[in-house]
Amino acid sequence: MLQRYLLFWLVLSSVIAGVWPNNVPDPFLISKTWLGGLVAVVMFCVGTLLPKDEVLNVLKRWPLVIGGTAIQYAAMPFLAWFMATKVFGFTGDIMIGVILVGCVPGAMASNVLTMVARGNVSYSVGLTTSATLLSPLIVPIAMKLTLGKAVDAELLMNTAITLVQQVVIPVIAGFTLAQVSQTVAKYAAKFSGTVANFSILWIIAVVVAVNRDNIQQLPLMLMWALLLINLGGYLSGQIGGRVLGIDTGMRRALMLEIGMQNAGIGASLAKTLFPDQPEIALPCGLFAFGCMTTGTIFAEILKHFPPTEASQVSEEQGALAATAEETIT
């Protein structure tokens, strides 16, 4: 129910957080200090759900996975910076928040929507895993290149440490425990998806609650900027996929991976790095609505046009990406 109707629950939970009465104890504001822990829970659940055979397939086709991750980390920070500073001229907290949206790794929701779109799910999982594990190294670099003087060395170091603690270690721990313990694997298969999705919904609801008074004054241009970043990500995936020479199923995975950013990580980073500037987290929460909406529509359209060709990678790429039967879902 949570996964299939995630967009509905996202809207419902955020509306509840946005209109919560002031004279009633607010569970969202009470739990705002838990965001980092919730992100760690989400990433642990993701780790427990990573199939061993898909991880091995990722290792076999690592040049294509690294290539797709490189396109993501080049395209999205640039798109966010260009839209925020050159097209819409944002300043202050809104500018930082929009650029942060582009710097974080892709969202795990892209894996599910890739399956809906009849794309290559294994490649999608590989891209998400790669972007997540590399985030402590690449996200601070992307932030420095796009934000410039707005960030210093200490903040970049804190970014890397936060991502290691909240993202990398939980993913590795979850995957390792699920492989060595059948009990953990059994319960993970039953509960991890629900826990992860509920945690994501709660994180976004907290962001909405913290910015409850600011949402009413949101500039319409911010919505347009986030939408253009999202759509630009899909287009970058299509162009990048053609440059890599990958087949239609893998291109669909790359498009959804690049266009959909991990709003939970973005919100947690904003809260951790800028505790006195709650508006910075707001674009991350808004982007969650945008990318879930467009991603769902996009996947529903694509599923009516199933890939007809077999994998058409070159002979050299085929050796690295395994057989055509393994690369087409």
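Residues numbered from 1 in each chain as written. Predicted model: local features only at pLDDT ≥ 70, side-chain atom pairs only at ≥ 80, totals over all residues. Heavy atoms only, no water.

1. Details of the packing of helix 3 (residues 35-49) against helix 10 (residues 182-210)
Two packed helices can be described by the angle between their axes and the distance between those axes.
Item 1. For the pair helix 3 and helix 10, the least separation of the axes is 9 Å and the interaxial angle reads 150°. For the element pair helix 3 / helix 10, the angle class is roughly antiparallel. For the pair helix 3 and helix 10, the sense of crossing is left-handed. Mapping the contact onto sequence places Leu35, Leu38, Val39, Val41, Val42, Cys45, Thr48 and Leu49 in helix 3 and Ala188, Ala189, Ser192, Gly193, Val195, Ala196, Ser199, Ile200, Trp202, Ile203 and Val206 in helix 10.
Item 2. For the contact of helix 3 with helix 10, the residue count by class is 15 nonpolar, 4 polar and no charged. (Axes fitted to C-alpha atoms, helices over the stretch in contact; angles between N-to-C directions. Helix = DSSP H or I, 4+ residues; strand = E, 2+ residues; numbered from the N terminus. Parallel < 35°, antiparallel > 145°, perpendicular 65-115°, else oblique. Left-handed = near helix turned anticlockwise from the far one by under 90°. Contact = heavy atoms within 4.5 Å. Nonpolar A, V, L, I, M, F, W, Y, C, P; charged D, E, K, R; others polar.)

2. A short note on the side chain of Ser124
Item 1. Examined against the element boundaries, Ser124 turns out to sit in helix 8 (residues 121-147).
Item 2. Since its relative accessible area comes to 0%, Ser124 is described here as buried.
Item 3. Among residues more than four places away in sequence, those in contact with Ser124 are Ser110, Asn111, Thr114, Ala253 and Glu257. (Buried < 20%, exposed > 50% of the residue type's maximum accessible area, 1.4 Å probe, protein only.)

3. A word on helix 5 (residues 62-87)
Item 1. Given a rise of 1.5 Å per residue, 26 residues ought to cover 38 Å, and the 36 Å separating the end C-alpha atoms of helix 5 matches this to within 8%.
Item 2. Downstream of helix 5 by a residue or two, Gly89 has a phi angle that is positive, lying close to 65°. (Expected span 1.5 Å × (residues − 1).)

4. Side note on a nonpolar patch on the surface
Item 1. A surface patch of nonpolar side chains, about 560 Å² in accessible area, is lined by Leu220, Met221, Met223, Trp224, Leu227 and Leu231.
Item 2. Along the chain, Met221 turns up in helix 12 (residues 220-244). (Patch = residues over 30% accessible without salt bridge, like charges linked within 9 Å, V, L, I, M, F, W, Y side chains within 5 Å. Areas by Shrake-Rupley, 256 points an atom, 1.4 Å probe, with all protein chains shown as cover. Salt bridge = Lys/Arg side-chain N within 4 Å of Asp/Glu carboxyl O.)

5. Some details on the environment of Thr183
Item 1. Positionally, Thr183 belongs in helix 10.
Item 2. For Thr183, a relative accessible area of 47% gives the class partly exposed.
Item 3. Sequence-wise, Thr183 and Met157 are 26 residues apart; in three dimensions their C-alpha atoms are separated by 37 Å.

6. Here's the deal with the pattern of salt bridges
Oppositely charged side chains are able to pair whenever their charged atoms sit close together.
Item 1. Across all of its chains, the model carries 1 salt bridge by this definition.
Item 2. Glu300 serves as the salt-bridge partner of Lys303, at 2.9 Å between the closest nitrogen and oxygen.
Item 3. The class for Lys303 is partly exposed, based on a relative accessible area of 29%.

7. Quick look at the state of the cysteines
Item 1. Across all of its chains, the model carries 0 disulfides by this definition.
Item 2. Of the cysteine sulfurs around Cys45, a residue in no disulfide, the closest is that of Cys291, at 19 Å.
Item 3. Given a relative accessible area of 6%, Cys45 falls into the buried group.
Item 4. Cysteine Cys291 shares no disulfide, and the gap to the nearest cysteine sulfur, in Cys284, comes to 11 Å. (Disulfide = S-S within 2.5 Å.)

Function cannot be read off these values alone, since they describe shape.
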